[in-house]
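Results of the structural survey
Now for the letters of each chain:
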Amino acid sequence: MNLPNKITLSRICMIPVFVAVFYCGYLSEWCFLASAGVFLLAALTDALDGHIARSRNLVTNLGKFLDPIADKVLVSTAFIVMLTIPTAFSVYPFGEYGVMAAGICIALILARELIVSGFRIIAAGRNLVLAADKLGKIKTTLQDVAIAFLLVSMSFVTKTGDMKTAGEIIAYIGLVCFVLCTILTVVSGVNYLIKNKEVLKG
């Protein structure tokens, strides 16, 4: 197993660590900040393994299989666990409506990923190579940024005074990124299917 694949596997191994640190937030709200650090570290390994694989000509079928799975599981896990403690989604003035809207957005994001993954399976069965979509890469970056801001905000929004205000500002930034990444997720998914519609012919 080469270095890029080891880095990808390390990202997968960091997912349960992220979940464990996140739920330690029940014990201390600062654990949400720590979970943001774990998430960002895991997300950064995505760029690292891809760069090493391409620059050193170490691209393998195992890497092509593991890398997108690691990315999708990491992001999906983060969104799902944040719905279980939705303080970032329910900041003033959104409340429970913010949580419901977040649930809908996350459902759309997960649906898109499942549809595109199924599409790629069909393409692989027909020996078709689907080019990476630039919109998809931007979407992934926005998702990571949104998750990071929302996680950080969770350590502050339950405080009082200036810390609470700072937490709400951070949450608002995260929510804007969250809405944008949801829109881009749908747009990039539709664009991906249209660009590769020949996969479904016959």
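We now turn to the structure provided with this report. (Residues numbered from 1 in each chain as written. Predicted model: local features only at pLDDT ≥ 70, side-chain atom pairs only at ≥ 80, totals over all residues. Heavy atoms only, no water.)

The subject of this paragraph is the packing of aromatic side chains. In the structure shown here, the tally under the stated rule is 9 aromatic pairs. Between phenylalanine 22 and tyrosine 23 the ring centres are 5.2 Å apart and the planes differ by 85 degrees, which places this aromatic pair in the edge-to-face class. The class for phenylalanine 22 is buried, based on a relative accessible area of 0%. For tyrosine 23, a relative accessible area of 28% translates into the label partly exposed. Ring centres of phenylalanine 89 and phenylalanine 178 lie 5.4 Å apart, and the angle between their planes is 45 degrees; on these two criteria the pair is classed as tilted. Residue phenylalanine 89 is located in the loop between helix H3 (61–84) and helix H4 (95–125), and its partner phenylalanine 178 is located in helix H6 (residues 161–195); the two are separated by 89 residues in the primary sequence. (Phe/Tyr/Trp six-rings, centres within 6.5 Å; stacked < 30°, edge-to-face > 60°. Buried < 20%, exposed > 50% of the residue type's maximum accessible area, 1.4 Å probe, protein only. Helix = DSSP H or I, 4+ residues; strand = E, 2+ residues; numbered from the N terminus.)

Moving on to a nonpolar patch on the surface. A cluster of nonpolar residues, Met1, Leu62, Phe65, Ile69 and Val73, forms a patch on the protein surface that exposes about 460 Å² of accessible area. The class for phenylalanine 65 is exposed, based on a relative accessible area of 53%. (Patch = residues over 30% accessible without salt bridge, like charges linked within 9 Å, V, L, I, M, F, W, Y side chains within 5 Å. Areas by Shrake-Rupley, 256 points an atom, 1.4 Å probe, with all protein chains shown as cover. Salt bridge = Lys/Arg side-chain N within 4 Å of Asp/Glu carboxyl O.)

Let us now look at H3. The α-helix winds at 3.6 residues per turn, so residues separated by three or four positions along the chain end up facing the same way. Relative to the 34 Å expected for 24 residues at 1.5 Å per residue, H3 spans 35 Å between its end C-alpha atoms, a close match to the ideal helical length. Buried-residue contacts for H3 involve helix H1 (3–23), helix H2 (30–55), H4, helix H5 (134–153) and H6. (Expected span 1.5 Å × (residues − 1). Contact = heavy atoms within 4.5 Å.)

It is worth spelling out the packing of H1 against H3 at this point. At a minimum axis separation of 9 Å, H1 and H3 run at an interaxial angle of 10 degrees. It follows from the interaxial angle that H1 and H3 lie roughly parallel. Its residues assigned to classes, the contact of H1 with H3 shows 15 nonpolar, 5 polar and 3 charged. (Axes fitted to C-alpha atoms, helices over the stretch in contact; angles between N-to-C directions. Parallel < 35°, antiparallel > 145°, perpendicular 65-115°, else oblique. Nonpolar A, V, L, I, M, F, W, Y, C, P; charged D, E, K, R; others polar.)

Further remarks concern the side chain of arginine 11. Residue position: arginine 11 is located in helix H1. The residues touching arginine 11, leaving out its near neighbours within four places in the chain, are Ala42, Thr45, Asp46, Asp49, Asp67, Ala70, Asp71 and Leu74.

So, about H1. Here H1 is 21 residues long and its end C-alpha atoms lie 31 Å apart, about the 30 Å a rise of 1.5 Å per residue gives. Of all the bends in H1, the greatest, near 25 degrees, is centred on methionine 14, and the proline proline 16 appears no more than four residues after it. Of the residues making up H1, those classed as buried are Pro4, Asn5, Ile7, Thr8, Arg11, Met14, Ile15, Phe18, Val21 and Phe22. Structurally, H1 contributes buried residues whose contacts are with H2, H3 and H5. For H1, the N-terminal cap is asparagine 2; the gap from its side-chain oxygen to the backbone nitrogen of asparagine 5 is 3.0 Å. (Bend = angle between axes of the 7 residues up to and from the residue. Polar contact = N/O pair within 3.5 Å; in protein donor to acceptor, adjacent residues only side chain to side chain.)

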